[in-house]
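Working through the structure, step by step
Chain residues, written in single-letter form:
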Amino acid sequence: MNLLVSYDWLKEYVGLKETAEEFAARVSLSGPGVERLYPQGADLAGIVVGHVREIKPHPNADKLRVVIVDAGKKLSIVCGGSNVKEDQWVAVATVGSKVRWHGEGDLIELKPTEIRGVESEGMICAANEIGLFEAFPHAEREILDLGASVPGAKWKAGMSLAKALDLEGDVVMDTEVTTNRPDAMSMVGMAREAAAILKRPFLWKSAKAIKEGKQSLSIKVDDKKWCPRFMVVRVNDVHVASSPWWMKRRLISAGIRPINNLVDITNYVLLELGRPMHVFDADKITGHLHVRLAKKGESIAALDGKTYQLQSNHLVIADDHGPQSIAGIMGGEASGVTAQTKHVIFESALWDPVHIRRTARDLNLSSEAQALFEKGLSTESAPFGLNRAVELCQELAGGMVASRVFDSQTTKYKPLSFSISFEEMNSVVGIEIPKKEAVDTLKRLGFDLKANSSKLTAIVPWWRDHDIESGRDLVEEVARVYGYGRIPPMVPVGLASRPQSSELLWEDRLRTVAKGAGLTEIYTYSFVSESLLMKADFDPSKLLKVQNELSSDFVYMRTSLLPSMLQVIAENQERFREQQLFEVAHAYFPHQEKQTELPDERLQLSVGYLGGDDVWKKAKGFAEHLYQECGIDHVEWHRLENDPFWHPGRTVQAFTGDTTLLGTMGEVHPLILQRFGIEGRVAMVDASLEEIFAQAHSTKRYTPLPSFPEAKRDLALVVPLEVEVQKLIAEIKNVSRTIQHVEWFDTYRGEGIPADKKSVALHLTFSAPDRTLETKEVDEMMETIAERLVSSFRAVIRA
């Protein structure tokens, strides 16, 4: 899980003195890791606030005007904006700044220019031309009217726009939060972590309790197992409008698009407290609210504009007409807040994490709320979120609380408590941490403690009741804040190293061979999508399907690495026109008879070459090199045909003498490449490493260099097309032991050769261990070889 954290916003909740860079370096060692820093306002360099003083007609264009702007100095700018007017505050891009023309394409640096014969000294910008469309969507195609867009702001001509919008100096931190820490997926959670790690004051104060009205809400919660807490309150006479700039800025910094003040409040509470909320238009709710399972045939049009068919195991919040929200995931469009909304109902609830996850997967629907709920939140978080939402509502949208707070809770909350001795804590950590430091650390993290000289007992704060499960977890809290870097590394005493399995040793050797051959290793997912399988002409029905897939991209467990390799090649071909890749990973094969059994995991090798006409040779060369390095000497190659994945004329399979298949090597069929959008040729090697490792041996035999000179001859012959070169070589080697090497170097088809024939050329090397072979002996062997080839293969020896 990742959270975008505005450093300026964070400083409201914790008394920080560090720079953003110092904060990131220190906190990442003991808490959530800051992965990247984004200085705000950097894209607005050279863009300033301008005040329109005068507008004159353009002498040579009816749709253009010449605008005199005070931007710290007087500028004359040719502008086509239909809404530009005198006394207007605008965003002015000065010469040298960069804008995105009409919000499209790359950034363009502005230069002095003439437009229809009139000099223009800059540009009056729309929001999308300077990256502010999310903040001011109404100004996508029109001039950004700063005065109307940010009411109440004090503008000064020539002021940096980044400074005027309070962006200057802020840094947004992209922060990774581990999935067991949903409490840290909020500004307050991050502030609490920072205060504990950096020993800074924690400044956040919770909102005051709601002053309830007199109206009673009609609410029914059917199954409290799936909804352990459900809280709602009604607020009347609200005013829906655009949110103030300070709230918009914070939402945008966290990657959320502002909508209106009431919807923005729920998103703000989500970011501030990590507490998902929902707001209903009360006038669109018919009868009473009912938390129940969906009925057969029910559907809901959600706020994302899509309609979802609900199942009977999906939890919804409904009124008398039907579902108004998919519980814990997304609200319905029918009861959403609009500009006409006058009365609202705020909802803050807790939902069963497993139920939320299953519903989200069933519907293929995800949201920020769903991501938090399925990690597990405390029932005690609900009132904090509701109180804060009502507080912000009354501040930004007015209104009066009209009802009593409805609060349905399964059981009264009882905090968790765990104990651990200081002796055990020091034993687990490996060093002695002072008792006072351990106690102070836990207190700063929010634990209530009782401690004596030998042990401590900690009451877990409600926001940590899902990840603190034992006294050992208290040790982890103390150790991480103390700093793992402060714990001296030590080699465990008496720990004997285990011998590594031969399979792992060969796997390491294989990787070394592949990298030495110039290949780059890749890692891809074991789960693949149906669309990827179909593109590679694999039948998904023969693969294991995941019941609770993470997304539509991870539905099946692959039986081959080839589709994933092709996808990687396709995604990288624009940057690398030639690629040499390999992957070593498991493939998963279902049991044919016992479908309920776990799949067979088999280690596979996939190699991919992207390039020109020589990729086939590279792939076969690597395969031969690999077998040689594994000590597999006797390999037979047979042509593979009628496989839709492989090219019918450029694919072979490698077998050992006992007919064990070692691998398939060849070019990918052009139709497959076309489906992946790959340009050029791709050759691949697909091998089961279990078979290779079973045949492999590391024993090397020394063969001394020949003591006597070698004799070399070339042989060219014409044979039928179906004759395989390796059979020719085997037949030649059987003639005499003095034939040391037979090497193929050319195959020719074309002019002078019959259409059903091919010409094959070979290098032959002769050598005897006890003497120098005479020319006559070699010539006699060449004659014998020719006779054998003519007899066995109907060969014609070429002169």
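Residues numbered from 1 in each chain as written. Predicted model: local features only at pLDDT ≥ 70, side-chain atom pairs only at ≥ 80, totals over all residues. Heavy atoms only, no water.

With that out of the way, let us pick up the overall build of the protein. A tally of helices and strands in the protein yields 21 helices and 41 strands. Taking 799 residues into account, the globule formula puts the C-alpha radius of gyration at 28 Å, and the protein, at 37 Å, lies well above it. In terms of its C-alpha atoms, the protein occupies a principal-axis envelope of roughly 115 × 90 × 60 Å. The burial tally for the protein puts 50% of its 799 residues in the buried class. For the protein, long-range pairs separated by at least 24 residues make up 69% of all intrachain contacts whose partners lie at least 6 apart in sequence. (Helix = DSSP H or I, 4+ residues; strand = E, 2+ residues; numbered from the N terminus. Rg over C-alpha atoms; globule rule 2.2 N^0.38 Å. Buried < 20%, exposed > 50% of the residue type's maximum accessible area, 1.4 Å probe, protein only. Contact = heavy atoms within 4.5 Å.)

With 4 of its 5 residues buried, strand β16 (residues 289-293) lies for the most part within the structure. Two strands pair when backbone bridges link them, and β16 and strand β19 (residues 315-319) are joined in this way by 4 bridges, in the antiparallel orientation. Across the sheet, residue Val291 finds its bridge partner in β19, namely Ile317. (Pairing = 2+ DSSP bridges.)

Attention now moves to the pattern of salt bridges. The full count for this structure, using the stated rule, is 43 salt bridges. As a salt-bridge pair, Asp8 and Lys11 come within 3.7 Å of each other at their nearest N and O atoms. A residue is classified by how much of its surface remains accessible, and Asp8, at 26% relative accessible area, is partly exposed. Note that Asp467 is salt-bridged to Arg464, the shortest N-O span being 2.8 Å. Taking relative accessible area as the criterion, Arg464 reaches 1% and is therefore assigned buried. Salt bridges here are not isolated pairs; linked through shared partners, they connect Arg181, Asp183, Glu193, Arg464, Asp467, Glu477 and Arg480. (Salt bridge = Lys/Arg side-chain N within 4 Å of Asp/Glu carboxyl O.)

Spatially, β1-β12-β2 is the arrangement adopted by the 3 strands of the open sheet, whose pairing is antiparallel. The strands lining the two open edges of the sheet, one partner per strand, are β1 (2-6) and β2 (33-39). For this sheet the average axis-to-axis angle between neighbouring strands, irrespective of direction, equals 25°. Sheet topology places β2 next to strand β12 (residues 171-176); 6 bridges connect them, and they run antiparallel. (Axes fitted to C-alpha atoms, helices over the stretch in contact; angles between N-to-C directions.)

This brings us to the domain arrangement of the protein. How large an interface is tends to be reported as the accessible area lost when its parts come together. Along its sequence, the protein is organised into domain 1 (2-40 + 169-198), domain 2 (42-164), domain 3 (219-407), domain 4 (418-486), domain 5 (502-695) and domain 6 (711-797). Relative placement of domain 1 and domain 6: their C-alpha centres are 74 Å apart. (Domains from an automatic or database assignment.)

Let's shift gears to the environment of Ala587. Mapped onto the fold, Ala587 is located in strand β32 (residues 579-589). Looking at Ala587, the relative accessible area reads 0%, which means it is buried.

Their axes nearest at 10 Å, the elements helix α7 (residues 261-273) and helix α10 (residues 381-396) cross at an angle of 140°. Between α7 and α10, the crossing angle belongs to the class labelled oblique. Every pair of crossing elements has a handedness; the one defined by α7 and α10 is right-handed. Within the contact between the two elements, α7 uses Asn261, Leu262, Ile265, Tyr268, Val269, Glu272 and Leu273 and α10 uses Phe384, Gly385, Arg388, Ala389, Leu392, Cys393 and Leu396. (Parallel < 35°, antiparallel > 145°, perpendicular 65-115°, else oblique. Left-handed = near helix turned anticlockwise from the far one by under 90°.)

By the definition in use, this model includes 13 aromatic pairs. Ring centres of Tyr525 and Phe554 lie 4.7 Å apart, and the angle between their planes is 70°; this geometry places the pair in the edge-to-face category. Here the residue Tyr525 occupies a position in the loop between β28 (520-521) and β29 (527-528), and Phe554 occupies one in the loop between β30 (544-545) and β31 (556-557), the gap between them amounting to 29 residues. Put simply, the rings of Trp9, Trp246 and Tyr268 touch in pairs and so form one group of aromatic residues. Of note, Arg486 hangs over the ring of Tyr482, and the distance from its end group to the ring centre comes to 3.7 Å. (Phe/Tyr/Trp six-rings, centres within 6.5 Å; stacked < 30°, edge-to-face > 60°. Lys NZ or Arg CZ within 6 Å of the ring centre and 35° of its normal.)

Here we come to the environment of Leu293. Note that Leu293 resides in strand β16. Spatially, the C-alpha atoms of Leu293 and Asp465 are 27 Å apart, while their sequence positions differ by 172 residues. What Leu293 contacts, discounting residues up to four positions off in sequence, is Ser312, Asn313, His314, Leu315, Val316 and His355.

Moving on, we get to the sheet that holds β29. Within the open sheet, the 3 strands sit side by side as β29-β31-β30. Their pairing is antiparallel. Edge positions in the open sheet fall to β29 and β30, since each of these has one partner strand only. Note that β30 and β31 share 2 bridges and pair antiparallel. Across the sheet, residue Leu544 finds its bridge partner in β31, namely Met557.

A positive phi angle, near 55°, is found at Lys199, a position not held by glycine. Of the residues examined, Lys199 reaches a relative accessible area of 56% and is grouped as exposed. Backbone geometry places Arg794, a non-glycine residue, at a positive phi of 55°. With respect to the helices and strands, Arg794 occurs in the loop between α21 (775-793) and β41 (796-797).

The next subject is the confidence of the model for the protein. Confidence in the prediction for the protein averages 91 pLDDT; 98% of positions are at 70 or higher. Least confident of the elements in the protein is strand β34 (residues 635-639), whose mean pLDDT is 84; most confident is strand β14 (residues 229-236), at 97. (pLDDT = per-residue confidence, 0-100.)

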